Amino acid sequence: MDYLEFKIKCKEDFREILIAELAEIGFDSFLETEEGIDAYALESELDRDAFNQTIESYREAGEIILTEGIMPKVNWNEEWEKNYDPIAVDDLVYVRASFHESQPGFRHEIVINPKMSFGTGHHATTYQVLRLQGEIDHQGKRVLDVGSGTGILAIMAYLLGAKEVEAFDIDDWCVDNGNENFDLNGLSTRMGLGTIRQVNPQGPFDIVVANINKNVLLDEMKIYASLLIPQGYLLLSGFYTQDIEDLVAAATPFGLKLIQSSDKDNWAALILQKD
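Calculation notes
- Residues numbered from 1 in each chain as written.
- Predicted model: local features only at pLDDT ≥ 70, side-chain atom pairs only at ≥ 80, totals over all residues.
- Heavy atoms only, no water.
- Salt bridge = Lys/Arg side-chain N within 4 Å of Asp/Glu carboxyl O.
- Helix = DSSP H or I, 4+ residues; strand = E, 2+ residues; numbered from the N terminus.
- Buried < 20%, exposed > 50% of the residue type's maximum accessible area, 1.4 Å probe, protein only.
- Pairing = 2+ DSSP bridges.

Undergrad: Run through the pattern of salt bridges, naming residues and quoting values.
TA: Tallied over the entire structure, the rule returns 16 salt bridges. We note a salt bridge from Glu35 to Lys9, for which the minimum N-O separation is 3.9 Å. With a gap of 26 residues between them, Glu35 in the loop between strand E2 (29–32) and strand E3 (36–42) and Lys9 in strand E1 (residues 3–9) connect regions that are remote in the sequence. Assessed through its relative accessible area of 48%, Glu35 is described here as partly exposed. Arg131 is paired through a salt bridge with Asp90; the nearest N and O atoms lie 2.8 Å apart. Of this pair, Arg131 sits in helix H4 (residues 124–133) while Asp90 sits in the loop between strand E5 (87–89) and strand E6 (93–96); the two residues are 41 residues apart in sequence, bridging distant segments of the chain.

Undergrad: Please provide a residue-by-residue account of the sheet that holds strand E13 (residues 256–264), values included.
TA: Spatially, the 7 strands line up as an open sheet ordered E10-E9-E8-E11-E12-E14-E13, and their pairing is mixed. The open sheet has two free edges, formed respectively by strand E10 (192–193) and E13, since each of these has just one partner strand. In terms of strand pairing, strand E9 (residues 164–169) meets E10 through 2 bridges, oriented parallel. From the neighbouring strand, Asp169 faces E10, where its bridge partner is Leu193.

Have a look at this one:
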């Protein structure tokens, strides 16, 4: 069956938001381009009304220009291989796909074959969390990765010496991809499926990592705090710099205080510590 192809020109800040939203309404593959994203869906699986509503809701703010076409057959692995370059986070970690060569000069290396999941290290949120993870002692710690996507942050925690890493995501294709990436990087843990309330991870944890979006973080803040040990760390990202104040305000009543923040391309990341 033919795939529908949508070439979406948009502002860079809106790429990940659109991918997340479109993944919920029938799209199963994405490619990031210099101008935005290319999104693909089987015609039989696409919710056209929901697609139109999503595009319209972001059209003005994201400066969206849309072109629709048909692609008879796509070799997805070949397509993302052509568009996926390795990244380096300082000298902390080199993130590459399995078809890239290793590079010397880095303390750690992560192999990620992202397929249709989110979190390759290219986006500013993932990049910042990787960097912040490198500033926290993980040796012998219990770590929880909320909304794990490709599993990249859980893998980073493992490489930094965590004794136990738990991870989960709401999408079954993320879970499958995450487990493949865990295998590539030597993790025996398996990614769970569901929301944090459905998975119900059993604390306490020394470190909780959540790179999702503002609304989910606000909704789940109390749960994150309840899962942390005293003096435990909460790493947050997935929101804009102008949202930092709202996140800190939501965290404060649960005994979480801001100890470090960073920003990149108008995206923010925070380290909070529990009293």
